[in-house]
Amino acid sequence: MGYLKKIGPVAVVLGIISLLNDISSEMIHPLLPIFLYSVIGASPLQVGIIEGIADMSSSLLKLFSGRISDIYKKKKVFIVGGYRLASISRILISFSRTWFDVLFLRFTDRVGKGIRTAPRDALLSVSVAKDAVGRAFGFHRAMDHFGAMLGPLVAFALLSYRPEDYRFVFLAAGIIGLSAAIFGLIFIKERRNDTK
């Protein structure tokens, strides 16, 4: 408990959000190529196009989202909005019928990541004491990786219960991701000095 007290409530909240979001993300990511190929009927080229465009959009938006959040002096709206956008797109993937549907929704998911990442890291860095910044980032990354480990395990458990029902797994993943956005909306407290 002393460790968590030292890094402060904002770092703890952001860590929990990251844990939930990465569980959600990693429930989908390993299964998506299988879903695209065996259920949607996408070609390997189409799968590559989807992932290439998704990764590019996330990387490009990270260049601008932090600067825009600095201009508007609001970080919470970008953080929560980014998580919400990603989670809704994951829910909608479960209803996809064509590879183009998945392309648009994966693009939207990664837009959410691009929007939230820089403002989240900026908020994390200013919300903890100067002698605990590294510790706060370490906690956040640990929660992120713990979520990435749990996600495939949760997906495997759900597929054991409902074999080859990828849509069910994607829907569950989206709901878990949405819980991260709701948690952030309720518990992220942005103080006046956090927006500088």
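All of these numbers come straight from a predicted model, not from anything done at the bench. (Residues numbered from 1 in each chain as written. Predicted model: local features only at pLDDT ≥ 70, side-chain atom pairs only at ≥ 80, totals over all residues. Heavy atoms only, no water.)

Chemist: Lay out the pattern of salt bridges with the relevant residues and their values.
Modeler: Counted according to the given criterion, the structure contains nine salt bridges. A salt bridge links D70 to K75; the nearest nitrogen and oxygen atoms lie 3.5 Å apart. With a relative accessible area of 1%, K75 lands in the buried category. Measuring nitrogen to oxygen at the nearest pair gives 3.1 Å for the salt bridge that ties D109 to R90. A residue pair is termed long-range when its members are at least 10 positions apart, and D109 in helix α6 (residues 99-126) and R90 in helix α5 (residues 76-93) qualify at 19 residues. The pair D109 / R90 is uniform in exposure class, with both members buried. Through salt bridges that share partners, E51, R90, R106, D109 and R110 make up one connected network. (Salt bridge = Lys/Arg side-chain N within 4 Å of Asp/Glu carboxyl O. Buried < 20%, exposed > 50% of the residue type's maximum accessible area, 1.4 Å probe, protein only. Helix = DSSP H or I, 4+ residues; strand = E, 2+ residues; numbered from the N terminus.)

Chemist: Hey, could you go over the packing of aromatic side chains for me, with residue numbers and the actual values?
Modeler: Following the criterion strictly, the structure yields three aromatic pairs and no others. Both rings, one in F35 and one in F170, keep their centres 5.0 Å apart while their planes meet at 80 degrees; by these two values the pair is edge-to-face. Remark: F170 occurs in helix α8 (residues 166-187) and F35 occurs in helix α3 (residues 32-40); sequence separation between them is 135 residues. Judged by centre distance (6.2 Å) and plane angle (90 degrees), the rings of W99 and F100 are edge-to-face. (Phe/Tyr/Trp six-rings, centres within 6.5 Å; stacked < 30°, edge-to-face > 60°.)

Chemist: Explain a nonpolar patch on the surface residue by residue, including any values.
Modeler: On the surface, a nonpolar cluster with roughly 760 Å² of combined accessible area is contributed by M56, L60, L63, F64, I68, I71 and Y72. Its location among the elements puts I68 in helix α4 (residues 44-72). Overall, I68 belongs to the partly exposed group, its relative accessible area being 34%. (Patch = residues over 30% accessible without salt bridge, like charges linked within 9 Å, V, L, I, M, F, W, Y side chains within 5 Å. Areas by Shrake-Rupley, 256 points an atom, 1.4 Å probe, with all protein chains shown as cover.)

Chemist: Describe α4, naming the residues involved and giving the relevant values.
Modeler: Within an α-helix, residues lying three or four positions from one another point in the same direction, as the helix has 3.6 residues per turn. For α4, with 29 residues, the first-to-last C-alpha span of 42 Å sits near the 42 Å given by 1.5 Å per residue. Of all the bends in α4, the largest measures some 35 degrees and sits at K62. Considered for burial, the residues of α4 that qualify are V47, I50, A54, S57, S58, S65, G66 and S69. Packed against the buried residues of α4 are α3, α5 and α6. Positive phi appears at K73, one or two residues downstream of α4, with a value of about 55 degrees. (Expected span 1.5 Å × (residues − 1). Bend = angle between axes of the 7 residues up to and from the residue. Contact = heavy atoms within 4.5 Å.)

Chemist: Describe unusual backbone geometry, naming the residues involved and giving the relevant values.
Modeler: A positive phi angle, near 55 degrees, is found at K73, a position not held by glycine. Along the chain, the position of K73 falls in the loop between α4 and α5. K73 gets classed as partly exposed once you look at its relative accessible area, which sits at 45%.

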